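Observations on the model geometry
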Amino acid sequence: MKFVDEFRSSDYSKLLVENLRTISCNKINIMEVCGTHTMSIFRYGIRDVLPTNVNLISGPGCPVCVTPQSYIDTALELSNRKDVIIATFGDMMKVPGRRGSLLKKKAEGADIRIVYSPMDCLILAAENPLKQIVFLAVGFETTAPMTAVTAIESRKKGLSNLFFFTAHKIVPPVMEALVNDQDLNLDGFLLPGNVSAIIGTEPFEFLSKDLNIPGVVTGFEPVDILQGLNTLVGLISKKDYRIANDYKRIVKTDGNTKAKDYLNKAFNIVDSNWRGIGKVPKSGLEFNRQFEEFDALKHFEICYEEYDGGSGCRCGEILKGKINPTQCPLFKKLCTPDNPVGSCMVSSEGTCAAYFRYYKPRKMEE
Amino acid sequence: MSTITLSHGSGGTQTNKLINDIFFKYFSNDILNQMNDAAQIDIDFKKLAFTTDSFVVNPIFFAGGNIGKLAVCGTVNDLAVSGAKPLYLTSAFIIEEGFSIVNLEIIVKTMAEEGKKSGVKIVAGDTKVVEKGNVDGIYINTSGIGSIYENVNINCANAKSGDVIIVNGTLGDHGMTILCERNNLGFEGNLISDCACLNTLVDCMLDAYDGIHVIRDATRGGVAAVLNEISDFSNVTIALEENLLPIKEEVKGAAEMLGLDPLYIANEGKLCVFVPEAQAEQVLFAMRTHPLGANAAIIGRVTEELGKKVYLNTVVGGKRIVDMPSGILLPRIC
Amino acid sequence: MCLAVPGRVLSINGNMGIIEVGKLRRNVFLHLTPDVAIDDYVLVHAGCAIQEIDEVEAKITLDILKELAECEIRR
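Cut-offs applied
- Residue positions are counted from 1 within each chain, in the order its sequence is given.
- The order in which chains are written sets their letters, starting at A; the order in which ligands are written sets their numbers, starting at 1.
- The predicted nature of this model means local features are confined to residues of pLDDT at least 70 and side-chain atom pairs, given and counted, to a pLDDT of 80 or more, with totals for whole chains, interfaces and linings taken over all residues.
- Segments assigned H or I by DSSP are reported as helices when at least four residues long, segments assigned E as strands when at least two residues long, and all are numbered from the N terminus.
- For the radius of gyration, the atoms used are the C-alpha atoms, and the globule rule reads 2.2 Å times the number of residues raised to 0.38.
- Exposed residues have 12 or fewer other C-beta atoms within 10 Å of their own C-beta, buried residues have 20 or more, and partly exposed residues fall in between, where C-beta atoms are placed from the backbone.
- It is the C-beta atoms, placed from the backbone, that decide contacts: two residues are in contact if theirs lie within 7 Å.
- Think of it this way: DSSP has to see at least two bridges between two strands before they count as a pair.
- Where helices are involved, their axes are fitted lines through C-alpha atoms of the stretch in contact, as for all axes, and angles between N-to-C directions lie from 0 to 180°.
- Throughout this description, the term nonpolar core refers to a group of buried Ala, Val, Leu, Ile, Met, Phe, Trp, Tyr and Cys residues whose C-beta atoms join them within 7 Å.
- Residue ranges assigned to each domain were obtained from an automatic or database domain assignment.
- Each residue is assigned to one class: nonpolar for Ala, Val, Leu, Ile, Met, Phe, Trp, Tyr, Cys and Pro, charged for Asp, Glu, Lys and Arg, and polar for all the others, Gly among them.
- For a crossover, the right-handed case is the one in which the path from the first strand over the helix to the second runs clockwise, viewed with the strands pointing away from the viewer.
- By definition in this entry, angles of less than 35 degrees are roughly parallel, angles greater than 145 are roughly antiparallel, angles of 65 to 115 are roughly perpendicular, and the rest are oblique.
- Handedness of a helix crossing follows the sense of rotation of the near helix relative to the far helix, less than a right angle counterclockwise being left-handed and clockwise being right-handed.
- Every residue is assigned a pLDDT by the predictor, reflecting its confidence on a scale from 0 to 100.

Considering the overall build of chain B
From N to C terminus, chain B includes eight helices and 13 strands. For chain B, whose C-alpha radius of gyration is 21 Å, the value lies close to the compact-globule estimate of 20 Å for 334 residues. Taken along its principal axes, the extent of the C-alpha atoms in chain B is 65 × 55 × 30 Å. Expressed as a percentage of the 334 residues in chain B, the buried residues total 51%. At a minimum sequence separation of 6, the contacts of chain B that also span at least 24 residues come to 86%.

Let's talk about the overall build of chain C
Along the backbone of chain C there are one helix and five strands. At 16 Å, chain C has a C-alpha radius of gyration far larger than the 11 Å of a compact globule built from 75 residues. Taken along its principal axes, the extent of the C-alpha atoms in chain C is 55 × 25 × 25 Å. Looking at chain C as a whole, 47% of its 75 residues qualify as buried. Counting only contacts in chain C whose residues sit at least 6 apart along the sequence, the fraction spanning at least 24 positions is 29%.

What about the sheet that holds strand β11 (residues 297-302) of chain B?
Residues and elements named next belong to chain B. Read from one edge of the open sheet, seven strands run β8-β10-β7-β11-β9-β12-β13, paired in mixed fashion. Since the sheet does not close on itself, it has two edges, and those belong to β8 (214-217) and β13 (319-321), each with one partner. On average, adjacent strands in this sheet sit at an angle of 25° to one another, irrespective of strand direction. Bridge count for strand β12 (residues 309-313) against β13 is three bridges, and the pairing is antiparallel.

Quick word on the nonpolar core
Core analysis: the largest hydrophobic core is formed by 250 residues, its most contacted members being I166 of chain B together with A49 of chain C. Here this core spans two domains, and each of domain 1 (6-148) and domain 2 (164-321) of chain B adds at least three residues to it. With residues near it in sequence (within four places) discarded, I166 of chain B still touches V273, V275, A280, V283, L284, M287, A296, A297 and I298 of chain B.

Thoughts on the domain arrangement of chain B
Residues and elements named next belong to chain B. Assigned domains of chain B: these are domain 1 (6-148) and domain 2 (164-321). If you average the C-alpha positions of domain 1 and of domain 2, the two centres end up 28 Å apart. Contacts between domain 1 and domain 2 engage 20 residues on the former and 19 residues on the latter. Of the residues forming the side of domain 1 that touches domain 2, the biggest block, eight residues, is contributed by helix α2 (residues 67-80). Residue classes in the side of domain 1 that touches domain 2 are distributed as eleven nonpolar, six polar and three charged.

Considerations on the interface of chain A and chain C
If you look at the interface, chain A gives 36 residues, while chain C gives 29 residues. For the side of chain A that touches chain C, the secondary structure elements donating two or more residues are α1 (10-21), α2 (35-43), α7 (144-156), α9 (193-199) and α12 (257-266) of chain A. A per-element tally of the side of chain A that touches chain C places α9 of chain A first, with four residues.

Concerning the pairing of strand β3 (residues 84-88) of chain A
Residue and element names in this part refer to chain A. Buried residues dominate β3, accounting for five of its five residues. Of the two faces of β3, the one lined by V84, I86 and T88 and the one lined by I85 and A87 are each fully buried. With three bridges joining them, β3 and strand β4 (residues 112-114) adopt parallel strand pairing. Its bridge partner being in β4, A87 is matched across the sheet by R113. In this view, the connection linking β3 to its parallel neighbour β4 by way of helix α5 (residues 102-107) has right-handed handedness.

Considering the packing of helix α6 (residues 119-127) of chain A against α7 of chain A
All names here are of chain A. Running from amino to carboxyl end, α6 crosses α7 at an angle of 30°, the nearest separation of the two axes being 9 Å. By the angle between their directions, the pair α6 and α7 is classed as roughly parallel. α7 is crossed by α6, and the crossing has right-handed handedness. Side by side, α6 and α7 meet where M119, C121, L122 and A125 of the first sit next to T150, E153 and S154 of the second. Along the lines of polarity and charge, the residues of the contact of α6 with α7 split into four nonpolar, two polar and one charged.

Section: α6 of chain A
Those residues of α6 of chain A not exposed but buried are M119, D120, C121, L122 and A125 of chain A. On the buried face of α6 of chain A, the contacting elements are β3, β5 (132-139), α7 and β6 (162-168) of chain A together with β3 (24-29) of chain C.

What about the confidence of the model for chain C?
Overall, the prediction assigns chain C a mean pLDDT of 93, with 97% of residues at 70 or greater. The complex prediction reports pTM at 0.91, with the ipTM value standing at 0.95.

So, the interface of chain A and chain B
Taken together, the contact between chain A and chain B spans 38 residues of the former and 23 residues of the latter. Counting residues per element, the ones that place at least two in the side of chain A that touches chain B are α1, α2, α3 (46-49) and α16 (351-358) of chain A. Partitioning the side of chain A that touches chain B into residue classes produces 17 nonpolar, ten polar and eleven charged.

Describing the sheet that holds β5 of chain A
Residue and element names in this part refer to chain A. As summarised here, the arrangement of the four strands in space is β4-β3-β5-β6, forming an open sheet in which the pairing is parallel. Looking along the sheet, the strands with just one partner apiece sit at the ends: β4 and β6. The average undirected angle you get between the axes of adjacent strands in this sheet is 25°. Relative to β5, β3 runs parallel, the two sharing four bridges. Residue pairing for β5: I86 is matched across the bridge by V134. This element, helix α4 (residues 69-79), spans β3, β4, β5 and β6 of the sheet and lies at about 145° to β3. Against the sheet, α6 makes contact with β3, β4, β5 and β6, and its axis sits at roughly 170° relative to β5, the strand it touches most.

A short note on the environment of D295 of chain A
All names here are of chain A. Along the chain, the position of D295 falls in the loop between β11 (278-287) and α13 (296-299). For D295, a count of 18 C-beta atoms within 10 Å corresponds to the partly exposed category. Sequence separation between D295 and F165 is 130 residues, and the spatial gap between their C-alpha atoms is 6.3 Å. Once residues lying within four places of it in the same chain are set aside, the contact partners of D295 are F164 and F287.

Okay, here's the thing in structure tokens:
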């Protein structure tokens, strides 16, 4: 597959690993803030091949993981209505609320459909004119523009039965909250490549200018990640605190202006609760006045109050990168992919799920 | 009458008509045609293999087959990988009131065709009809018996250090086809189930070398599930090579878009074969001469390491554990 | 949070298009990549093309790696 296979080259990957070992011997803490990076790093066993001085920490880059329990419970309540079809990405199906999960609810007979794309909701709405379709609009800046596009298309098609229960969040504010946390000692960031494709590199400049923390915009194939790490370790060792872009085939400095236009057209930026982290100012997206007809909470007159887990798991600290999953007392004992306690285990790109499925200490060969 | 009604299942004239017009028309053979309450079969072998499976797939019809094809191939394959020659099947149908008779005929005809290809006879059966809503269209159970080959010792616990692991073709074809069709994911292309009876391929392999250690078909849970089972039963460590896994471009494309791993996706026409290293080439060669083994490939080996685990050597030179799948497969965007 | 895959544009119909990923085809939104042309490559996330792939930049990246590889061989 073009633009995939070349960036999975075994030869280039091994070359970059060798090169990484030569750059610096100092202990370095790097955080990656994209769940897709977390998955890729584990999928390719990249932690296995890193020099021991480079410590990769997984941050809160999983939109499913940071969605509060109250969101799931409200979705479950909506699914009780006989006239509602819930449409959702597959990621949300197993997330546990206080009252179960969408998967369990589907098994009990609720009309819950998995979609690959929000555009499929347009077809659902057209084919089921007597039903009200509620799309669970979760995701970061990579995904939010298509919620806006789908709403606009819905208007164009004259559909009046498609609604969105939004929980979109944006990344740079939560990174700011993280670096202001005294307990974290980060030397640099692997920056989310596809979020940057939308917003560009400028929103991350604050790391460099205000905090002297470098970052490298990185893609998701193994060659991309290893190249990003090479660049970042190089910047850190030279105390060169800039934001570099190693994903230029996708990311332009000003991102995708069309996508940003759609975001500005449809959404207001609001404060938002991140599960395990708490309230992060100006980190969420909500439909603005011109689009409020699509807002499921307004349409169904739901008084939505957010609440979180609180189940003894340490997802919050894991999401902030303070501990790794093996340090949570529930990990692999009470909390497994089959019986997830916290969101980090539910989402397949959640840190705990990735650790559960892929992590083995380097002693594996002994 | 174009649809199944409750009277088709009540044991009267409609039932008999259905049995004659459809089941006996396609399944006809000397044993079945005696119309006894139980099939009466002469046997001349010492040890028999006996298995059963039920099929509830949705959608009932999919690219590359239907529930009937699965029902015959699934049971034939269970017998074949147990080192047995599949001989006789039963088939029991539970049909929803309102099910299309035309569709039933297509399903039964497919079953007869697969029976012919694999050399098995369907010698007994049953039909029940239930009220609308009590099953999802149609469910089928098949049970099968086969004669176990003498001098063949194929067992899940037989894998040994040094064994080479071969699969007979591309991974994840069936599961990906079903997932995409069931959820209307809107993908178009040559996604097609690999559903097939593998007994003649197994015969071919055993002819090349009758000391094969393990043969298992990789169905639900994909190759990952089967290898974890074998690792567990044989108490061995299995190492796979990422760059050797045979995967169709279409399945790769869908897997990339949906965030799924072909190692965990169901197959219905794939075997995992554990062969001592010295005989690996000859078995591989024999497999490649068979139409169902044309893309056979070595995907890994049993290592000398202690412990029960399955891992993958990645293209980067790292390792990742391939654990037992849990729960259902869900597409993701994150 | 951003599972996305490169796909080739096969056809365009207003704001919609058909892309091909590994011989599989799908309808996608092209609202975010209005300047795309047939045979261009785009990055597809959840049924939407989120950015065009810059083939020149991709080649530059791969050329740098190729050069690095050749240096290694010479060493």
